2 protein chains.
Amino acid sequence: MAIITVDVLIIGAGPAGLALANWFRNSGIRVLLVDKKTGPTPRGHAEGLKSTTNEIFAAFGIEPQIEAESWRLEEIAIWGESKDGSGGIVRQHVIEDKVDELGVARETILQQSRVEHHLLQNLLSHTNIAIRYHTAPVSVDIDTSCPHLSEEYPVTVHLANVKDDKPEANGTSTSNGSNGTNGHHHVEERVQAKYVVGCDGAHSWLRKQLGVAFEGNSTDCLFGVVDLIPKTDFPDIRRVGYLRRATGTVLIIPRSNKEVRFYIPIAEKIGDNYGTREEVTLERILATARAALSPYTLEAGTVSWWSAYCVTQRVGSRFSRRRERAFLVGDAVHTHSPKAGQGLNTSVQDAYNLGWKLRLVLQGRISDPEALLRTYESERRPVAQDLIDFDRGYLKLFTGPSSQFETEFLWAMKFSTGLSIRYARSCAVQLSRGVEDVRPSLLKADLVPGKRLQNFQAVYQTDRVVDRIQRRMRATGAFRVIVFAGDIAEPEPLAKAQRWGEFLADRDSGLGRVTMPSDGDDATAWQDVPVEILMVHCANRHQVELLDLHEIYRPWSSDQGYDYWRVLADVESVIEGHGRVYERLDIDKHRGCCVVIRPDGYIGAVIDLDDLQGLRGYFEGVGLIGAIPN
Amino acid sequence: MAIITVDVLIIGAGPAGLALANWFRNSGIRVLLVDKKTGPTPRGHAEGLKSTTNEIFAAFGIEPQIEAESWRLEEIAIWGESKDGSGGIVRQHVIEDKVDELGVARETILQQSRVEHHLLQNLLSHTNIAIRYHTAPVSVDIDTSCPHLSEEYPVTVHLANVKDDKPEANGTSTSNGSNGTNGHHHVEERVQAKYVVGCDGAHSWLRKQLGVAFEGNSTDCLFGVVDLIPKTDFPDIRRVGYLRRATGTVLIIPRSNKEVRFYIPIAEKIGDNYGTREEVTLERILATARAALSPYTLEAGTVSWWSAYCVTQRVGSRFSRRRERAFLVGDAVHTHSPKAGQGLNTSVQDAYNLGWKLRLVLQGRISDPEALLRTYESERRPVAQDLIDFDRGYLKLFTGPSSQFETEFLWAMKFSTGLSIRYARSCAVQLSRGVEDVRPSLLKADLVPGKRLQNFQAVYQTDRVVDRIQRRMRATGAFRVIVFAGDIAEPEPLAKAQRWGEFLADRDSGLGRVTMPSDGDDATAWQDVPVEILMVHCANRHQVELLDLHEIYRPWSSDQGYDYWRVLADVESVIEGHGRVYERLDIDKHRGCCVVIRPDGYIGAVIDLDDLQGLRGYFEGVGLIGAIPN
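Residues numbered from 1 in each chain as written. Chains lettered and ligands numbered in written order. Predicted model: local features only at pLDDT ≥ 70, side-chain atom pairs only at ≥ 80, totals over all residues. Heavy atoms only, no water.

- With an unreviewed UniProt entry as reference, chain A is termed FAD binding domain-containing protein, source organism Corynascus novoguineensis.

Below, the structure written as C-alpha cells:
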C-alpha cells in the first residue's frame, strides 16, 4: 500500500475545500485534496456571492475573472397577493439592493461551477497542492499526544478509489450519499498528515468519524429550484423578486445568459399529500411557479438545471476535534435554507478563517499553535449559530404581517452581508490595555477588534492609482499593521508617524524582527516578512514626498529598489471619486490610530498612536515568533 | 501546389491584423492570416492603450482580461532643468491624466504581447479564421475587372514557408526585414481571395507590391527605449514623467510588475559623432538616462526589453488600391514617433474602421460595395496625416519655450485620445437634408455625424444594471439606431417614441426589413438582423414599464422570450453614479433625437424625431440591402 505524507489533508474539493487549499499557494506546505466526485460541480447549486466572499477572491488574486463573469443585482421587487379577490399579484415595493457601508455591490451572481473553476485554476501552477477526484477516505486515526510544533504526522487516513460514482443528474442527486464510500471499496493508499479538514458537505464522513453531533432539525418545507430562460410577461423578471403568496414565497434571482433562478415552495408537509422529495418533477416545479406568477404567463425556454430539497437547519456541536488536529468546514457543520444565499459564502469564509492559522502554524511561526487553532471554532461556530437564527426569522419574514416588512428586509440585507459578525476576544482579537470592551454598532463596518475591516478605497501616494484595502492585502499569511497617520502635512502627526516607523523597524526594542527580513534584503526576502506595514494618511498628497517618510513605509530591496505601494492617501481619485476613509471609519485626522489586520482581513487590535507597547503586546499575545526580542 | 480559397487574406498578425480578423468572428467569412514571424510578439514594443482602443476591445468582448492586466496612469509630472546652475532637475508641473469627456481612463498600459495574446485567444474557437506563422507572400496579382458582388476570387497570392526566421533579439531587430521573403524561398501555396489586406508593418511588402509611395522622411533623432525595474531615488518614477533636458526630453512611463519604460534621446545626428542605430548599446542608453536624471540616481534591476530606433514620419499615398480589392492598415501606411503612444492605437483603429465594411460587403448586404470600401481611405488617411502633423508639433513642444506649456500639453492629451477625429461626409456619414454642415467643437465628444459616439454610461430600464454604450454595441456588424426618446413619462415624448417604434418595425413603409428577422423569430434569427434598435430615455425609471413600449424596443423571440436589454435610462445607478447622458450630449429632454451608429461606434447620422424619412435615407444612402421596400 502506497504511503503519502502531506501537511494538510482536505476531504472534499467543493468551494470550501478549494478556498482552503488556496491559502497554501506560494508556500512549501504540502496539501492533498480528495473528493469522491468525478470532477468540479458541472452546474446548478450555489450562485450568490456576497461582498466579503468577493473580497476573499480578490485576496486570492482571482477577482478579475470572477467579476467579469458575474451578474450584478441592483434592485429587489416585492410582490404580494392583490386584494381585489382576483387571485392576482401586485408589486408592493422596489428596493435598491445596496448597503452603504460596503461601497461595492452587496451581492453578485456566479454559478458554483465557475467559482470552483477559478479556485481550481488558481492552484494549478502550485506543485505543493494536489487534487485527486474519485477518491474517498475509509478510516481516520489521530494520535493526540504529538505536540503541534513537532515534526510528526499524527493523522492517519486510508483512502480508496471510488470508481462507480456516477456523474450528477438533475433532480435528486449528491445529497443522498455521504462523502465516504458506502462499504464496498478497495483501500489503496495511506495518508500521513499533520492536519485533516472535512469540507465534505452536509453528509460529512469526517464529522461522523469524529463523533460530532449535527444539532437542529429538518424542516417540513419542500422546495424546488430551477435555472431556466423564462418566457414571461411578468414585468420584474430581471429584478430579484419575492412573490409572497399564501402558499409560500417564490424567490426569483436573475442571472447571466438570460437565465433566471426560481426557488419555489412545493409543500409544507412531506410524505403527506405532496409526496417525497424524490417524487418532485420539473413539471411540478414549473406548474407551481406558473400558479404563483398568475395571471402573468410563464413558459420555460432552456432549462439548465433543477433540483428539489428539504431545508434542514443544523449546526455541528464542534468545529474542531482531537486537540485541533481535525477541523470541519462549511456544510459539514452548518446547513440552512439557501434563500439568503449563505451556504457557499459561509463555507468559503469558514475556510478563509482557518487557512491562515494552519499556514502560520505549519510554517513554525506561532509559539502556541493550539491556542490560535482553537479560535477557528470559537470564531466560526457562533457565526453559524447566528446564521441559523437569522434563517428562521428570514423564513418567517415572508409569512408574517408586512407592516415592518421594509425595515426588517433592510436589516436582513445588512445582516446577510456579514456586517454583524464580530469575533470574540482571543489571542488573535485583543482589546487595548485598560479597555474592558467596546460596543460596536451591530450593523456598521466600524473599527472594532474582531470585526472585518471595511473594504475602503484609497489611492497610492506614489501614483494616485486606486486600490481597495482588502484587495491590497493578498492572502500571503502576513499580518498588516496599518498606520492611520492622519494629516502628515502637519508637523506633529508627521513626527508621530516617523517615531512609529522607528519603532516598527527597530530589531532590538521594537518590531523589526517581524517587519523586516531576517536574512538578505532582496524582494523575495521581503515577501516572507510576517508583518507588513502600511500607512493611510489624509494629508494633501502634493505636500507629502514618499521618500521623506521612514524607510519602513517604503522599504528598499537590493534587486527591485523601493516598494512604492505601502502608503495610501485618503484623497479624491482621478476617476473613481473619494474613498472618505477617515470619515467612514471615524478616525480623528489629528490623532490617527494604528490597526492590526489579521491575514484574513479582520481587525486584530486597534491601538492608540501613543501606545507603542500596545502594538508589541498584540504580536506577543498571538504568539508570533520573533515578535519578542530575546 | 496547394490552392487555398478564402474571403480575406490578411498579411501580418500583429495588433492590426489580429484586430481585423476579430471582425469576422461569428460569421461564415473565411479568413487567413499569415505572418513570417514565429509567433506573437514576445515582449517590448507598443504598450499604451487609449480609451478608444479599449472600447474596441470591449466590443470584441475581451475588455475584462485586458483591463485586469493593464496598469493605470493617473498623473503626469513635468521636470525641467533647474536654474541654479547645478545641472540638476526640478519638478515643474504635476498634471492629472484625465479628459473629462471620456468618463474613463484616458490611457492604460499593457504590453503588446498580451494585447496580441488576447486578440488571438478570442479567435481560437472560430474555425472560419486560420492563422499561419512562418509564412510570407511572394507574389500578388489582382484582377480588377470582377464586380464586388460576384462570387469570384480575383486576388491571387503565392505563399512561401519561411523556415529560417530567427526569434527576435533585444536591441536591433525586426525593423530591418520586410514582411516578404528576401529572395530565397520555396513557394508552397496559392491563395485565391476576394480581398487582401496588408497589416505588415513599416516595411510592408504589400505596400511595395501595390506601388504605394510612403511619403515623408526619416528624422535625425536617434532614440533608445528600455523596460526595466528601476532602482532610483527619483521621486516621480511612478508618474508619467517628461524630463526636459537641453539634450532632449526623456519620457518615463510606469508599467506593471514594478517596471518602468524609458524613452531616451540618444543623439540628433546619426552617423556623425554618435554612431548608427546598430551601434547603440544598453549601456549607452542607461548612461544617457542616468545623466538626464542626475543628481538623482538610477540603477537597473531586471531589464526585460530594450531597443533603439530612428523616428520616421511617413504616410502612404494610398490606403487602398485596385478598385478596393487591396488595403493597407497600420504601420504599413503611417509611421511616427512612439512618444504619444499612437502606433498600436491607430493601427487597431484603422483595422476597426475597415473590418465591418468588408464583413457587410462579403455578407452581400451592401448594394454599392466600392462606395463603402472607398470610405476606408477617405476616413483613415486624413487621421494619419493629422497624426503626423501632431507628432511634429508634439516633438517641438518639448524643445520650445514653456510659457504655454500646460495649455498645449492639455490640448495634446485631448488630441491623442482621438477626440478631434471626424470622418468626412460619405455614404456612411450623412448630414440631415437641408443641413450643409455642422461645426463640431474640435475637441469635444459631441453628437455630430462622423465623430465617435461618446462612451456614456447608462442603466438598463429592466434591472438598473450599469453599462457603457460602446461596450453594449458588440462588434457584430450591426448598425444601431439609438432613439433618445427624452422624458417618456410625459405623454408627448412617449407618443413620439411609439410612433418611431411603429415606423422602425414596419416592413412595408418603414425599416422593418432591416430591423427584424426575415425568417423565423428565434434568438439566432434576431442576432442576424442588420440594424439593432436601442432606446435611451431620461424619464423617472419607476414611471416607465418596459413592456408598455413598442415591441421593437423589447422584441420577442420564440425560444428566449423578450430581449430586456435594448432600453437604457439616463438615471443614477446604484453604485456607479449618474451617466448624465442628455447633459453631456446636449440633447433636449423634450425633443429628443435619433442617432445612427455605424458598426464601428461612429455616428452615421443625427436625425430629428419628426423626420421619419431622414432615417430611411441614411440606410438607402449607405446601400444597406433590404432598407428600401421594393
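That covers the picture; the talk isn't over yet.
## What about the overall build of chain A?
- A tally of helices and strands in chain A yields 15 helices and 28 strands.
- Expected size for 630 residues packed as a compact globule is a radius of gyration near 25 Å; at 26 Å, chain A falls within 12% of this value.
- The principal-axis extent of the C-alpha atoms belonging to chain A is close to 75 × 65 × 45 Å.
- By residue count, 62% of the 630 residues in chain A fall in the buried class.
- In chain A, of all internal contacts separated by at least 6 residues, the share reaching a separation of at least 24 is 73%. (Helix = DSSP H or I, 4+ residues; strand = E, 2+ residues; numbered from the N terminus. Rg over C-alpha atoms; globule rule 2.2 N^0.38 Å. Buried < 20%, exposed > 50% of the residue type's maximum accessible area, 1.4 Å probe, protein only. Contact = heavy atoms within 4.5 Å.)

## What to know about the interface of chain B and chain A
- Listed as interface residues are 46 residues of chain B and, on the opposing side, 46 residues of chain A.
- For the pair chain B and chain A, the two sides together bury roughly 4,100 Å², of which 54% comes from carbon and sulfur.
- At the junction of chain B with chain A, the criterion picks out ten salt bridges.
- A salt bridge links R464 of chain B to E96 of chain A; the shortest N-O distance between them is 3.0 Å.
- Listing elements by their share of the side of chain B that touches chain A, those giving two or more residues are α3 (63-69), β4 (71-72), β6 (89-96), β12 (214-232), β24 (556-557) and β25 (561-562) of chain B.
- In terms of residues, the side of chain B that touches chain A owes the most to one element, β12 of chain B, which gives four residues.
- In the side of chain B that touches chain A, the residues fall into 18 nonpolar, nine polar and 19 charged. (Buried area = accessible area lost by both parts, 1.4 Å probe. Salt bridge = Lys/Arg side-chain N within 4 Å of Asp/Glu carboxyl O. Nonpolar A, V, L, I, M, F, W, Y, C, P; charged D, E, K, R; others polar.)

## Overview of the UniProt feature "domain: FAD-binding" (unreviewed entry) in chain A
- With numbering aligned to this structure, UniProt lists the feature "domain: FAD-binding" (unreviewed entry) at residues 6-142 and 184-390 of chain A.
- End C-alpha atoms of residues 6-142 of chain A are separated by 14 Å, and the span's content is 25% helix alongside 33% strand. (UniProt positions renumbered as here; feature names shortened; annotations may be inferred.)

## Describing the packing of helix α1 (residues 15-22) of chain A against helix α4 (residues 112-121) of chain A
Residues and elements named next belong to chain A.
- The geometry of α1 relative to α4 is characterised by a closest axis approach of 9 Å and an angle of 20° between their N-to-C directions. Of the possible angle classes, the one that applies to α1 and α4 is roughly parallel. Here the hand of the crossing between α1 and α4 comes out left-handed. Here P15, L18, A19 and N22 of α1 come into contact with α4, specifically with Q112, E116, L119 and L120.
- Looking at the contact of α1 with α4, its residues break down into five nonpolar, two polar and one charged. (Axes fitted to C-alpha atoms, helices over the stretch in contact; angles between N-to-C directions. Parallel < 35°, antiparallel > 145°, perpendicular 65-115°, else oblique. Left-handed = near helix turned anticlockwise from the far one by under 90°.)

## Comments concerning the pattern of salt bridges
- This model, assessed by the stated rule, comprises 90 salt bridges over all chains.
- One salt bridge connects E107 of chain B with K50 of chain B, and the closest N-O pair in it is separated by 2.9 Å. Taken together, the positions of E107 of chain B in strand β7 (residues 107-109) and K50 of chain B in strand β3 (residues 48-50) put the pair 57 residues apart, joining distant regions of the chain.
- In this structure, a network of salt bridges that share partners links the residues E75, R91, E96, D236 and R239 of chain A together with R464, R541 and E545 of chain B.

## Focus: the environment of A371 of chain B
- Checked against the element boundaries, A371 of chain B lands in helix α8 (residues 369-397).
- Its relative accessible area of 17% is what places A371 of chain B among the buried residues.

## A few points about the side chain of E107 of chain B
- Assessed through its relative accessible area of 11%, E107 of chain B is described here as buried.
- A distance of 2.9 Å separates the side chain of E107 of chain B from the side chain of K50 of chain B, its partner in a polar contact. (Polar contact = N/O pair within 3.5 Å; in protein donor to acceptor, adjacent residues only side chain to side chain.)

## Things to note about the side chain of R468 of chain B
- The topology assignment puts R468 of chain B in strand β21 (residues 466-468).
- The charged side chain of R468 of chain B is buried without a salt bridge, its nearest counter-charge being E63 of chain B at 6.9 Å. (Lys, Arg positive; Asp, Glu negative; His and termini not counted.)

## Regarding the relation of the copies chain B and chain A
- With an RMSD of 0.0 Å, the fit of chain B onto chain A corresponds to turning through 180° and sliding 0.0 Å along the axis. These values place the two chain copies in the arrangement generated by a two-fold rotation axis.
- The fraction of interface residues of chain B whose copies in chain A are also interface residues reaches 100%, indicating that both copies meet through the same surface. (Least-squares fit on C-alpha atoms with pLDDT ≥ 70 in both.)

## Some details on the pairing of strand β10 (residues 155-161) of chain B
Residue and element names in this part refer to chain B.
- In terms of burial, β10 is a largely internal element, five of the seven residues being buried.
- Examined bridge by bridge, strand β9 (residues 135-142) and β10 share seven bridges and lie antiparallel to one another. Residue pairing in the sheet places S139 in a bridge with H158 of β10.
- With six bridges connecting them, β10 and strand β11 (residues 187-198) associate as antiparallel partners. Of the residues in β11, the one forming a bridge with T156 is Q192. (Pairing = 2+ DSSP bridges.)

## Here's the deal with the environment of E490 of chain A
- With respect to the helices and strands, the residue E490 of chain A is situated in the loop between β22 (479-486) and α11 (491-505).
- E490 of chain A sits 84 residues away from V574 of chain A along the chain, and the two C-alpha atoms are 24 Å apart.

## A few points about helix α7 (residues 343-362) of chain A
- Compared with the 28 Å implied by 1.5 Å per residue over 20 residues, the 28 Å span of α7 of chain A between its first and last C-alpha is a close match.
- Directly after α7 of chain A, the chain includes G364 of chain A, whose backbone phi takes a positive value near 70°. (Expected span 1.5 Å × (residues − 1).)

## Quick notes on α11 of chain A
All names here are of chain A.
- Over its 15 residues, α11 runs 21 Å from end to end, which matches the ideal 21 Å to within 8%, given 1.5 Å per residue.
- Those residues of α11 not exposed but buried are P493, K496, A497, Q498, W500, G501, F503, L504 and A505.
- Of the surrounding elements, those touching the buried residues of α11 are β22, α12 (512-515), β23 (531-537), β27 (593-597), β28 (603-607) and α15 (612-622).

## A look at the sheet that holds strand β27 (residues 593-597) of chain B
All names here are of chain B.
- Read across the sheet, seven strands follow the order β21-β20-β26-β23-β22-β27-β28 without closing on themselves; strand pairing throughout is mixed. Where the open sheet ends on each side, the last strands, each with one partner, are β21 and β28 (603-607). Pairwise comparison of adjacent strand axes, ignoring direction, gives a mean angle of 30° for this sheet.
- The sheet contacts of helix α15 (residues 612-622) involve β22 (479-486), β23 (531-537), β27 and β28, and relative to β22 the element is tilted by about 165°.

## Things to note about the domain arrangement of chain A
- We note that the domain assignment places domain 1 (2-68 + 105-215 + 315-415), domain 2 (217-311) and domain 3 (457-622) within chain A.
- On a C-alpha basis, the centroid separation for the pair domain 2 of chain A and domain 3 of chain A is 50 Å. (Domains from an automatic or database assignment.)

## Topic: unusual backbone geometry
- The residue after S294 of chain A, namely P295 of chain A, is reached through a cis peptide bond having omega 15°.
- Within the secondary structure, P295 of chain A is located in the loop between α6 (282-293) and β16 (298-316).
- In the Ramachandran plot, N26 of chain A falls in the positive-phi region, its phi being about 50° despite a non-glycine side chain.
- Note that N26 of chain A resides in the loop between α1 and β2 (31-34).
- Taking relative accessible area as the criterion, N26 of chain A reaches 60% and is therefore assigned exposed.
- Even without being a glycine, R322 of chain B presents a positive backbone phi close to 55°.

## Some thoughts on the packing of aromatic side chains
- A full pass over the atoms with the stated rule returns 54 aromatic pairs over all chains.
- Both rings, one in W356 of chain A and one in F479 of chain A, keep their centres 5.7 Å apart while their planes meet at 85°; by these two values the pair is edge-to-face. Of the two residues, W356 of chain A is situated in helix α7 and F479 of chain A in strand β22; the sequence distance between them amounts to 123 residues.
- We classify F479 of chain A as buried; its relative accessible area is 0%.
- Three or more aromatic residues joined by ring pairs make a cluster, and in this case those are W71 of chain A together with W556, Y562, Y564 and W565 of chain B.
- A cation sits over an aromatic face here: K194 of chain A above Y153 of chain A, 5.0 Å from the ring centre.
- The positively charged end of R207 of chain B is found above the aromatic ring belonging to F214 of chain B, 3.8 Å away from the centroid. (Phe/Tyr/Trp six-rings, centres within 6.5 Å; stacked < 30°, edge-to-face > 60°. Lys NZ or Arg CZ within 6 Å of the ring centre and 35° of its normal.)

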